[in-house]
Amino acid sequence: MKTLKEARPGETVRILKIHGEGALRRRIMDMGVTKGTELYIRKVAPLGDPVEVTVRGYELSIRRGDAQSIEIE
């Protein structure tokens, strides 16, 4: 299982599944990160937190803890 946390800048990935429950899962989905969506990894901060992605035409920063709960292919 590869997660968004492990993605490298310049990659385009597709969301397979969002793990987690309740408010965390809902917050991620409300930002447009849903199953089947493509994400372009723009930048990863030097210490790995946050990860900056482009999703559905806008830029989004995702914390490392949240990125770990997003399974990608």
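Heads up: the structure comes first, above all this text.
What counts, and at which threshold
- Per chain, residue numbering runs from 1 following the sequence as it is written.
- Per-residue local features of the predicted model are confined to residues with pLDDT of at least 70, and side-chain atom pairs are confined, for both listing and counting, to 80 or more; whole-chain, interface and lining totals are unaffected and use all residues.
- Values reported for side chains reflect all heavy atoms of the structure, with hydrogen atoms and water molecules removed beforehand.
- Pairing between two strands requires that DSSP report at least two bridges joining them.
- In DSSP terms, a helix is any run of H or I states spanning at least four residues, a strand is any run of E spanning at least two, and both are numbered starting from the N terminus.
- For every residue, the accessible area (1.4 Å probe, protein chains only) is compared with the maximum for its type, and the residue is labelled buried under 20%, exposed over 50%, or partly exposed between those bounds.
- When checking whether two residues touch, look at their non-hydrogen atoms; a contact exists if any pair is within 4.5 Å.
- Salt bridge criterion: a side-chain nitrogen from Lys or Arg within 4 Å of a carboxyl oxygen from Asp or Glu.

A. Structural context of the sheet that holds strand E2 (residues 12-18). In space, the six strands of this open sheet follow the order E1-E6-E2-E3-E4-E5, with antiparallel pairing throughout. Every interior strand has two partners, whereas the edge strands, strand E1 (2-3) and strand E5 (58-62), have only one. Pairing analysis gives five bridges linking strand E3 (residues 38-44) to strand E4 (residues 51-55), with the strands arranged antiparallel. Residue pairing in the sheet places Leu39 in a bridge with Val55 of E4.

B. Representation of the pairing of E4 within the structure. Extensive coverage of E4 is indicated by the burial of four of its five residues. What sits between the antiparallel neighbours E3 and E4 is a turn of six residues, in which Gly48 has the positive phi angle 90°. As paired elements, E4 and E5 share five bridges and run antiparallel to each other. Opposite Val53, over in E5, you have Leu60 as the bridge partner. Once E4 ends, the chain turns through two residues before running back antiparallel as E5, passing Arg56 with a positive phi of about 50°.

C. Looking closely at the side chain of Glu52. Mapped onto the secondary structure, Glu52 falls in strand E4. Classification of Glu52 by relative accessible area gives buried; the value is 17%. The residues contacting Glu52, other than those within four sequence positions of it, are Tyr40, Ile41, Arg42, Lys43, Glu59, Leu60 and Ser61.

D. How the structure looks around the environment of Val53. Tracing the sequence through the fold places Val53 in strand E4. A relative accessible area of 0% means that Val53 is categorised as buried. In this structure the C-alpha to C-alpha distance between Val53 and Leu4, which are 49 residues apart in sequence, comes to 9.9 Å. Dropping the residues within four chain positions of it, Val53 is found in contact with Leu4, Leu39, Tyr40, Ile41, Arg42, Tyr58, Glu59, Leu60 and Ile62.

E. Structural detail: the pattern of salt bridges. Scanning the model with the defined rule gives eight salt bridges in all. Here Arg26 and Asp30 are joined by a salt bridge, their closest N and O atoms 3.6 Å apart. Separated by four residues within a single helix, Arg26 and Asp30 lie in helix H1 (residues 22-30), roughly one turn from each other. Looking at Arg26, the relative accessible area reads 48%, which means it is partly exposed. Given a relative accessible area of 58%, Asp30 falls into the exposed group.

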